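Below, each chain spelled out in residue letters.
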Amino acid sequence: MRLTCVVNGNDVAIDVEPHDLLLDVVRDRLGLRGAKRSCDAQVCGACTVVVDGLPVSACTTLALEADGADVETIEGLAVDGELSAVQQAFVDAGAFQCGFCTPGMILMVEALIRDHPDASPEDAGGYLKGTLCRCTGYVKILEAVQRAQAAGQEAAAS
Amino acid sequence: MSTLSVGRPLPREDAWAKVTGSARYTGDLLPAGCLHAAVVRSEVAHGALRSVDVSEAERAPGVVTTLVGAEIAHLDPVFGEWIPDQTPLAIDRIRFHGEPVAAIVATSPRLAREAAALVRIEAEPLPVHLDIDAARAEDAVPIHEPGDRDRNVCHAFEVAFGDVDDALADAAWVHRATYTIPAAYHYAMEPHTCLASWDGNRLEVWSSTQQPFKVRADLARIFRLDLNQVRMQVPFVGGGYGSKGQSKYEPLTAALALKLQRPVRLVLDVREAFLTVTRHAARITVTTGVDADGWMVARDTVVEYDTGGYADKGPRVAKKGAYRAAGPYRIPNIRSHGVSVYTNKPPAGAFRGFSTPQVVWAAESAIDEIAAHLGEDPVAFRLRHLKDRGEPFLGQDTPLDADLAQGLSLAADGVGWGDAGVADHGRGVAVAVKDGGGGSARSEATVRLQPDGSIEVQTATVELGQGARTVFRQIAAEELHADADAVRIAETDTTVAPFDRGTNASRSTMAVGSAVADAARRLYEQVLEMAREAHGGVSDLCLRGADVIAMVDGAEHRDSLASLMGTIRGLPAAELGPLVATGAHVTPAGAGPLGSATPFYEVAHGAAELSVDEETGEIMLNRYVSVADVGFAINPVTCEGQDEGAAVMGLGHTLFEELEYDDEGQLLNGALYEYRVPRASDLPSAGLHTILLENRDGPGPFGAKGAGEGGIIAIAPAVANAVAAATGVRLRDLPLTPERVWRAIRRRGQGTGDA
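Rules of the game
Residues numbered from 1 in each chain as written. Chains lettered and ligands numbered in written order. Predicted model: local features only at pLDDT ≥ 70, side-chain atom pairs only at ≥ 80, totals over all residues. Heavy atoms only, no water. Helix = DSSP H or I, 4+ residues; strand = E, 2+ residues; numbered from the N terminus. Rg over C-alpha atoms; globule rule 2.2 N^0.38 Å. Buried < 20%, exposed > 50% of the residue type's maximum accessible area, 1.4 Å probe, protein only. Contact = heavy atoms within 4.5 Å. Areas by Shrake-Rupley, 256 points an atom, 1.4 Å probe, with all protein chains shown as cover. Lys, Arg positive; Asp, Glu negative; His and termini not counted. Charge placed at Lys NZ, Arg CZ, Asp CG, Glu CD. Arc of directions from axis to C-beta. Polar contact = N/O pair within 3.5 Å; in protein donor to acceptor, adjacent residues only side chain to side chain. Buried area = accessible area lost by both parts, 1.4 Å probe. Salt bridge = Lys/Arg side-chain N within 4 Å of Asp/Glu carboxyl O. Nonpolar A, V, L, I, M, F, W, Y, C, P; charged D, E, K, R; others polar. Pairing = 2+ DSSP bridges. Axes fitted to C-alpha atoms, helices over the stretch in contact; angles between N-to-C directions. Core = buried A, V, L, I, M, F, W, Y, C linked by side-chain atoms within 4.5 Å. Phe/Tyr/Trp six-rings, centres within 6.5 Å; stacked < 30°, edge-to-face > 60°. Right-handed = clockwise from strand over helix to strand, strands pointing away. 1 Å grid on protein atoms, 1.4 Å probe; cavity = no way out; pocket = protein on both sides within 12 Å on 5 of 7 lines; lining within 4 Å. Points joined across faces, edges and corners; volume = space filled by probe spheres on them.

Undergrad: I'd like a rundown of the overall build of chain B, residues and numbers included.
TA: Within chain B, the regular secondary structure consists of 18 helices and 29 strands. Taking 2.2 N^0.38 as the reference for a compact globule, 755 residues should give roughly 27 Å; the C-alpha atoms of chain B span a radius of gyration of 27 Å, in line with that estimate. By principal-axis analysis of the C-alpha atoms, chain B measures approximately 90 × 70 × 45 Å. Here chain B holds 755 residues, and 65% of them are scored as buried. Long-range pairs, those at least 24 residues apart, make up 79% of the contacts in chain B with a sequence separation of at least 6. Total accessible area computed for chain B in this model is approximately 25000 Å², and 49% of it derives from carbon and sulfur atoms. Computing the positive centroid from 71 side-chain charges and the negative centroid from 101, chain B places the two 3 Å apart.

If you want it as structure tokens, here you go:
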């Protein structure tokens with residue numbers, strides 16, 4: 001069946017099987033390997049991809065569910081070699097270690113900052129509880145959220 | 001004129017790759033023509049393997065080949081770092097539910113898995129032993145040939161000083177208690193992944209392994225190759241924590257690729273990773289004699305580890321656990337007996353902390369029970385017993401190189417110890433010492449300075465997330481008087497990497513980092529000598545981009561490195577290769593009971609403050625402070641991150657994590673929706689943070705020690721001690737689930753106060 005969508009601003013039109021998962025199509029057909037397969041059960045968020053503005057677990061999303069949608073992956077964040085504010089906040093805070101959860105975590109934080117710019121650390125922790133990290137203990141991830149919030153406030157003020 | 005690189009929180013060397021998703025892990029590699037493997041696993045926990053029928057699987061769509069144990073029996077297929085008792089596929093015996101019995105290769109992972117379900121395994125069941133007592137019973141069936149060991153004992157080790165029995169007999173009071181901690185799974189978010197490819201009789205393997213040279217040696221032996229015919233490459237690894245040490249699926253993947261003469265990739269499902277290696281469950285009995293003045297005079301520890309169906313690191317865990325059970329206190333009579341016991345469960349192996357979270361769970365809980373009995377403040381009780389810097393840890397091993405009292409006080413202060421505090425809140429501490437740095441070893445590193453000023457560092461250390469690449473970059477830049485940005489870390493590749501035994505035991509900064517420093521210093525000397533040949537009196541120099549800036553008689557003199565090298569070597573710039581130096585570091589053998597001299601001690605200090613909801617048994621963490629005695633933090637941010645991450649990983653086994661098996665040995669909760677790991681919402685409400693203690697007293701570069709494991713060791717007893725302070729209830733079994741806490745509180749009402 002034909003899957004027609006926009007991925008990171010580029011038109012995509014490919015044939016997929018009805019049972020093909022969005023994660024496998026993104027990784028193996030489109031070569032966008034930032035999204036990872038970890039728990040394979042919609043628990044850990046390593047496979048996070050954004051479909052029409054909503055972060056989804058691509059490991060349990062059929063590719064065809066993204067038909068006609070605007071899909072964003074981690075690869076679409078940096079523009080002309082410049083990191084997004086959230087990506088830069090992760091770098092500055094040292095908010096990643098092995099990096100396997102990082103693409104999904106960054107996409108979730110992007111959504112958090114966009115939808116809840118004034119989230120408290122406790123709220124942020126709650127928002128992120130579906131995105132696991134086994135290396136950092138989340139401490140510096142929450143620091144990155146605060147940095148990104150501050151950068152957002154500065155940008156808004158200027 | 002020196003560059004200030006070490007000690008600074010520079011951005012990570014792998015930052016761009018990881019935040020843009022361009023970092024490559026083994027599962028992201030897919031060479032042309034690559035086929036996909038799936039593993040067929042046993043559904044009995046113990047049995048004599050009679051037959052494996054792959055005929056239906058062979059005919060399934062997309063299947064290219066199958067492999068069973070009998071086909072590789074003619075190789076030397078046995079591996080295992082301490083006791084070689086594992087084979088890539090079961091040959092005549094199955095020892096745990098989930099053990100690999102066959103493998104399928106197909107044109108897609110899905111087709112391989114579908115075909116795997118069609119394989120028929122026939123095994124004559126044997127009695128299943130699922131815990132230490134069952135495995136050691138009179139009538140237990142030996143899971144491996146016992147040789148001269150007791151039935152199902154994988155390894156036993158005892159260390160003793162003084163006369164514990166006499167001292168206990170004379171003691172005014174004896175405390176004795178048994179503590180338990182169940183098996184856990186590391187859950188590295190990247191599952192084990194391996195890609196193997198043959199080129200004639202040369203084998204190339206990419207793998208998510210922590211020990212590339214050890215795996216290479218196994219592969220060479222198994223497939224009867226010379227070491228120079230095997231190449232291990234390790235890209236970024238998505239977490240290890242010990243689960244990716246020693247050979248795992250590399251021999252199997254290589255055997256599949258050999259059969260097909262095509263590249264084969266095996267990517268484990270996370271559920272299979274749970275069946276690959278675990279953290280040892282343990283039962284620990286601590287007996288402590290206390291004299292009339294409240295001094296501990298004797299400690300006897302028996303620690304029994306459940307090592308599962310294969311030895312893996314079991315023997316070493318038993319040794320280390322017994323050794324470290326002595327603890328950081330001045331107790332003149334010590335006896336520790338450690339034993340690893342085979343059971344019919346997946347093999348237990350290395351896990352962050354390596355034997356020590358288990359013994360310290362017991363020992364530091366016992367300390368608080370003893371202090372409570374004496375009516376003494378638990379911090380004060382510890383402080384008066386703690387050994388000082390310079391005192392021996394045990395016998396002839398290296399003296400303690402840390403100020404434990406300083407670290408403990410810092411941790412306790414961090415939760416306001418001694419302050420009035422909030423009603424219903426309890427505070428608890430724990431302190432422990434682990435001989436760090438791994439055993440005797442020689443680690444090497446190569447540093448190259450290209451004529452354009454760019455620098456490459458080559459080691460066999462694997463970037464697991466701990467930040468080794470970042471640390472090595474900063475060390476090399478510092479010693480070379482160059483900018484950190486000029487330093488690139490080469491990918492791990494055994495063809496070109498100098499030797500190192502493995503990325504584990506908190507050793508890489510200390511051992512390999514020292515080799516990097518050594519190599520970079522030698523390289524600096526080479527440049528200095530060239531500059532002196534060109535300019536006479538050069539006191540100092542630094543490298544900036546493509547240039548050398550030399551201090552000549554007090555004045556700065558700038559050359560391009562290429563022209564300096566060209567002048568000295570009498571060659572045009574286009575004909576110049578790099579300057580190269582190799583450095584080394586040796587961790588020597590020694591006189592201690594473990595046969596090596598401990599290079600440094602990794603100390604764990606933790607303090608918790610919490611309250612308990614007595615209606616539900618839920619523990620509500622308010623604050624947790626971990627103090628990491630790191631000597632010197634080459635990069636303070638990555639260093640803190642490692643300790644924070646270790647503490648939260650420890651929060652997992654403290655509150656949530658427990659592998660559960662049914663009475664046929666089948667794992668019941670081997671998936672992330674059942675196995676509860678810490679989430680961002682589990683952090684203490686007023687924060688968890690790490691204090692770095694930097695006394696510049698380590699054997700590594702710039703006074704660094706190792707780090708990364710301390711944080712996981714203290715948290716469970718600190719939390720249990722705080723629960724006892726808050727509720728009067730003592731729990732001796734992990735995890736501290738709401739149900740357990742609730743039941744203990746109910747029993748408190750009945751007067752025992754003990755769980």
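Still more to cover.
Undergrad: Explain helix α11 (residues 378–385) of chain B residue by residue, including any values.
TA: For an α-helix, 3.6 residues make a turn, and residues three or four places apart therefore share a direction. Residue and element names in this part refer to chain B. Within α11, the full set of buried residues consists of Pro-378, Val-379, Phe-381, Arg-382 and His-385. One face of α11 carries all of its buried residues, which in axial projection span an arc of 160 degrees. Among the structural elements, β15 (296–308), α10 (356–374), α12 (404–414), β18 (426–436) and α17 (710–727) are those in contact with the buried residues of α11. Sitting at the head of α11, Asp-377 places a side-chain oxygen 2.8 Å from the backbone nitrogen of Val-379.

Undergrad: How would you summarise the environment of B:Ala430 if you had to cite specific residues and measurements?
TA: All names here are of chain B. By the secondary structure assignment, Ala-430 is in strand β18. Accessibility expressed as a relative area gives 0% for Ala-430, which makes it buried. Put simply, Ala-430 and Val-341 are 89 residues apart on the chain and 28 Å apart in space, counted from C-alpha to C-alpha. In this structure, Ala-430 is in contact with Glu-364, Arg-382, Ala-604, His-605, Gly-606, Ala-714, Pro-717 and Ala-718, ignoring residues within four places of it in sequence.

Undergrad: I'd like a rundown of unusual backbone geometry, residues and numbers included.
TA: Residues and elements named next belong to chain B. Here the residue pair Leu-734 and Pro-735 is connected by a cis peptide bond, since its omega of -10 degrees sits within 30 degrees of zero. Inspection of the secondary structure assignment puts Pro-735 in the loop between α17 and α18 (738–748). Not every positive phi belongs to a glycine, and Gln-246 is a case in point at roughly 50 degrees. Here Gln-246 shows up in the loop between β11 (230–234) and α7 (250–260).

Undergrad: Break down the interface of chain A and chain B for me, with residues and values.
TA: In this assembly, 45 residues from chain A lie in contact with 49 residues from chain B. For the pair chain A and chain B, the two sides together bury roughly 3800 Å², of which 61% comes from carbon and sulfur. In this structure, the connection of chain A to chain B is made through 6 salt bridges. Between B:Glu644 and A:Lys140 there is a salt bridge, with the nearest N and O atoms lying 3.3 Å from each other. On inspection of chain A and its partner chain B, the count reaches 23 residue pairs in polar contact (both at pLDDT 80 or more). At the level of secondary structure, the elements contributing two or more residues to the side of chain A that touches chain B comprise α2 (85–93), α3 (102–115), α4 (121–127) and α5 (139–157) of chain A. Counted by class, the side of chain A that touches chain B contains 23 nonpolar, 13 polar and 9 charged residues.

Undergrad: Could you give an account of the sheet that holds strand β29 (residues 688–693) of chain B, naming the residues involved and the relevant values?
TA: Residues and elements named next belong to chain B. On the basis of which strands lie adjacent, the open sheet formed by 4 strands has the order β18-β27-β28-β29 and mixed pairing. Both outer strands of the open sheet, β18 and β29, are each paired with one neighbouring strand and no more. On average, each strand axis in the sheet is inclined to that of its neighbour by 20 degrees, with strand direction left out of account. Here 11 bridges tie β18 to strand β27 (residues 600–613), and the two strands are oriented antiparallel to one another. Across the sheet, Val-433 pairs through a bridge with Val-603, a residue of β27. Strand contacts of α12: β18, β27, β28 (618–629) and β29, with the helix running at about 20 degrees to β27, the strand carrying the most contacts. Packing against the sheet, helix α16 (residues 636–656) makes contact with β28 and β29, and its axis sits at approximately 130 degrees to β29.

Undergrad: A description of the nonpolar core should follow, citing residues and the corresponding values.
TA: Ranked by size, the top nonpolar core spans 147 residues in total, and within it A:Phe90, B:Tyr187, B:Leu203, B:Phe223 and B:Leu736 carry the most contacts. Per-element tally for this core: the top contributor is α17(B), with 10 residues. Excluding anything up to four places from it in sequence, B:Leu203 contacts B:Ala196, B:Ser197, B:Trp198, B:Leu219, B:Phe223, B:Leu225, B:Gln229, B:Val230, B:Arg231 and B:Ala254. Of all hydrophobic cores here, the second largest spans 45 residues; its members include B:Val471, B:Phe472, B:Leu528 and B:Leu541.

Undergrad: Provide a residue-level description of the packing of aromatic side chains, including the pertinent values.
TA: Considering all chains together, one arrives at 11 aromatic pairs over all chains under this definition. Centroid distance B:Phe213 to B:Phe499: 4.9 Å. Interplanar angle 45 degrees. Geometry classified as tilted. Within this pair, whereas B:Phe213 is found in helix α6 (residues 212–222), its partner B:Phe499 is found in the loop between β22 (492–493) and α14 (508–535), the two being separated by 286 residues in sequence. Classification of B:Phe499 by relative accessible area gives partly exposed; the value is 42%. Taking the centre distance of 6.3 Å and the plane angle of 55 degrees together, the rings of B:Phe632 and B:Phe702 count as tilted. Of the two residues, B:Phe632 sits in the loop between β28 and α16 while B:Phe702 sits in the loop between β29 and α17, which places them 70 residues apart along the sequence. Exposure remark for B:Phe632: the relative accessible area of 10% places this residue in the buried category. Residue classification places B:Phe702 among the partly exposed positions, given a relative accessible area of 25%. These aromatic residues form a ring-pair network of at least three members: A:Phe100, B:Tyr25 and B:Phe236.

Undergrad: How would you summarise the pairing of strand β20 (residues 455–458) of chain B if you had to cite specific residues and measurements?
TA: All names here are of chain B. One ladder, built from 4 bridges, connects strand β19 (residues 441–449) with β20; its direction is antiparallel. Each bridged residue has a counterpart across the sheet, and for Arg-448 the counterpart in β20 is Glu-456. Connecting β19 to the next strand, β20, in antiparallel fashion are 5 residues, including Gly-453 with a positive phi near 90 degrees. Looking at chain direction, β20 and strand β21 (residues 487–489) are connected through 3 bridges and run parallel. The residue of β21 that forms the bridge with Glu-456 is Arg-488. This β-α-β element, β20 to helix α13 (residues 468–480) to β21, shows right-handed connectivity.

Undergrad: Give a detailed account of the sheet that holds strand β2 (residues 10–15) of chain A, specifying residues and quantitative values.
TA: Residues and elements named next belong to chain A. An order of β2-β1-β5-β3-β4 is seen for the 5 strands of this open sheet, with the pairing classed as mixed. With one partner strand each, in any of the chains shown, β2 and β4 (54–57) form the two edges of the open sheet. Looking at each pair of strands side by side, their axes are set apart by 35 degrees on average, direction ignored. With 2 bridges joining them, strand β3 (residues 48–51) and strand β5 (residues 70–72) adopt antiparallel strand pairing. Opposite Val-51, over in β5, you have Val-71 as the bridge partner.

Undergrad: Could you give an account of the layout of surface pockets, naming the residues involved and the relevant values?
TA: Rolled over the atoms, a probe as big as a water molecule pinpoints where empty space is left. Taken as a whole, the largest pocket holds about 1000 Å³ of empty space. Surrounding the largest pocket, 35 residues form its lining, A:Asp24, A:Asp28, A:Arg37, B:Pro109 and B:Arg110 being those nearest its centre. At the level of elements, α1 (22–29) of chain A together with β1 (35–41), α3 (109–116) and β12 (264–267) of chain B are the ones that each hand at least two residues to the lining of the largest pocket. Per-element accounting of the lining of the largest pocket gives the leading share, 5 residues, to α1(A). Residue classes in the lining of the largest pocket are distributed as 12 nonpolar, 7 polar and 16 charged. Of the pockets and cavities examined, the second largest pocket occupies roughly 720 Å³. Taken together, 29 residues line the second largest pocket, and the ones lying closest to its centre are B:Arg41, B:Ser42, B:Glu43, B:Gly98 and B:Leu275. Looking at the lining of the second largest pocket, the elements that each hand over two or more residues are β1, α3, β6 (120–125) and α8 (270–273) of chain B. Of the residues in the lining of the second largest pocket, the class split is 14 nonpolar, 6 polar and 9 charged.

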